[in-house]
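Examining the three-dimensional arrangement
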Amino acid sequence: MRADPPGRADAGFARALEGWPPPVLDPAGPYSEPVTLLAWALFIGGTIVLVVVLAALSVALFGSSGLKRRLGGEKAIWIGGIAFPVVVLTGLLIWGLSLTSHLAAGKPTGQEMRVRIVGEMWWWRVHYLDRQGRETVRDANELHIPTGMPVMLELQSADVIHSFWVPRLGGKMDMIPGRTNRLMIQADRPGIYKGQCAEYCGGPHALMGFLVIAHTPEDFARWKASRRPAPIVDPVARRGAALFETSGCAACHVIRGTRAQGLAGPDLTHVGSRHSLGAGILPNNPGTLAGWIADSQAIKPGNRMPPYRQLGAEDLNALTRYLAGRQ
Amino acid sequence: MRFYGGIILPMALLLSACDTPELAPNAAGEASIARGRAAAAKLGCGACHAMPGIDWPRGRVGPSLNGFADRGLIAGKLPNRLDILARFVRDAPALVPGTGMPAITMSDDDASDLAAWLSSLDAR
């Protein structure tokens, strides 16, 4: 069973930055609050400086000569042009760095949940790790977390530079080939939090979305327990399982417990339980699943899965039924 | 005043009696159409169908739904009527066995709103 926590999913997929208040100004945890605070400080401070500069400009243009003589001269340059910016910008730099220093994680402490996320063109591998850093579950394009617990993400890239960003849960961090960058996120309320690749990574970069689904700790335990492969009894789905291995799907996708062991594309062992398809961009139902299988190029042009227009309706339905059942 | 009222009121009633069913959808109809469009976006119908008013995705697996109101048959088989359409969008294989369009879980309201919206898509 899929638990559907309240969230912003109804605001549309592939639209991580939409909605009001804007997600970047609507923090939902301790690792995004400092970002919002800093943004407001910069915005308000910038407005004050702009007003002062405009006031000085209007004095220069329209002020009486007495006023200009009193305010102008070398002293104005020293105070307004040099001392003020040096003091303000240095203060901002120190404050900003200390405010956000804990957003990027250091070494694991054993208290947090650990996940490795690997950016790919144009989706995300998700490896759930145990406290020792060993992989427990493999998934793609969405991350389930319990509320109130810090989550340490080990961010890597398999090809080009991507950037991981779930605005309501934490900062933004680049995923750089050959490196592991660590970022902390946390959700204090259950919900669906949308993310987006924030570094241009080629063709369908704008359609490289991500979902974080935060459950209460009890729901999270239930979600974990529910991820067991069920036997396939439905004959249509069984036909789909055979087709999956014979029509090419298995060359790129893993379904654990079967002969499908391809590593190029997302692991589909639990694809039926995902909230989205195509990396956080489409709702997941039999209709969108069939549409994606038959012609994902119409939905996400340039992605690496070829269209399967050669499938007839019967085969397409069988594959869809099989995959929708992979919970 | 009374004179004009005496003429205009029956005329207005007569005209509205003629025009309302075809030309002016009532308030509930407009609301239903708007909800139907939102439901199409929410359910991701665009994964297979290009639809007016939905920029992305514009799927090519199924037919474009542009001008659907003027289409004679649903899926080349069924008469294009609101009640049949509302059943078809939710459980296409039950009405047209062998179709590539799968059954999609949705509420009664979503189904009737989708039908209302599709029936509003004339080819203007």
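Residues numbered from 1 in each chain as written. Chains lettered and ligands numbered in written order. Predicted model: local features only at pLDDT ≥ 70, side-chain atom pairs only at ≥ 80, totals over all residues.

1. Regarding the sheet that holds strand E1 (residues 113-120) of chain A
Residue and element names in this part refer to chain A. Spatial ordering of the open sheet is given by E3-E2-E1-E5-E8, a layout of five strands whose pairing is mixed. Strands at the two margins of the open sheet, each flanked by one partner only, are strand E3 (135-140) and strand E8 (181-185). Averaged over all pairs of adjacent strands, the angle between their axes in this sheet comes to 25°, without regard to strand direction. In the sheet, E1 pairs with strand E2 (residues 123-129) via seven bridges, with the strands oriented antiparallel. (Pairing = 2+ DSSP bridges. Helix = DSSP H or I, 4+ residues; strand = E, 2+ residues; numbered from the N terminus. Axes fitted to C-alpha atoms, helices over the stretch in contact; angles between N-to-C directions.)

2. Some points on helix H5 (residues 108-118) of chain B
The α-helix advances 3.6 residues per turn, and as a result positions three or four apart in sequence lie on the same side. Taking burial as the measure, the 11 residues of H5(B) include nine buried ones, the bulk of the element. Restricting attention to buried positions, one finds in H5(B) the residues B:Asp110, B:Ala111, B:Ser112, B:Asp113, B:Leu114, B:Ala115, B:Ala116, B:Trp117 and B:Leu118. (Buried ≥ 20, exposed ≤ 12 C-beta atoms within 10 Å, placed from the backbone.)

3. Here we look at the interface of chain A and chain B
On the chain B side, the residues contacting the 19 residues of chain A number 19 residues. Residue composition of the side of chain A that touches chain B, by class: 10 nonpolar, seven polar and two charged. (Contact = placed C-beta atoms within 7 Å. Nonpolar A, V, L, I, M, F, W, Y, C, P; charged D, E, K, R; others polar.)

4. Thoughts on the confidence of the model for chain A
Taken as a whole, chain A shows an average pLDDT of 91; of its residues, 96% reach a score of 70 or greater. Low pLDDT (under 50) marks residues 1-11 of chain A, which in the prediction has 24 contacts with non-local residues, meaning those over four places away or in another chain. (pLDDT = per-residue confidence, 0-100.)

5. Side note on the sheet that holds strand E9 (residues 191-196) of chain A
All names here are of chain A. What the three strands build is an open sheet, ordered E4-E10-E9; its pairing is mixed. The two strands at the open ends of the sheet, each matched to only one other strand, are strand E4 (142-146) and E9. Taking each pair of neighbouring strands and ignoring which way they run, the sheet shows an average axis angle of 20°. In terms of strand pairing, E4 meets strand E10 (residues 209-215) through five bridges, oriented parallel. Counted as the bridge partner of Leu143 is Val212 from E10. Together, E4 and E10 form the strand contacts of helix H4 (residues 217-225), whose direction differs from that of E4 by roughly 130°.

6. What to know about the pairing of strand E6 (residues 162-165) of chain A
Residue and element names in this part refer to chain A. Of the two faces of E6, both are covered, the one formed by His162 and Phe164 as well as the one formed by Ser163 and Trp165. Sheet topology places E6 next to strand E7 (residues 172-175); four bridges connect them, and they run antiparallel. Each bridged residue has a counterpart across the sheet, and for Phe164 the counterpart in E7 is Met173. The antiparallel hairpin formed by E6 and E7 contains six residues in its connecting segment.

7. Observations regarding the environment of A:Arg114
All names here are of chain A. Its place among the elements puts Arg114 in strand E1. Among the residues examined, Arg114 registers 21 C-beta atoms within 10 Å and is labelled buried. As for Arg114 and Leu153, which are separated by 39 residues in sequence, their C-alpha atoms are 6.1 Å apart. Excluding residues within four positions of it along the chain, Arg114 makes contact with Pro108, Leu129, Gly133 and Met152.

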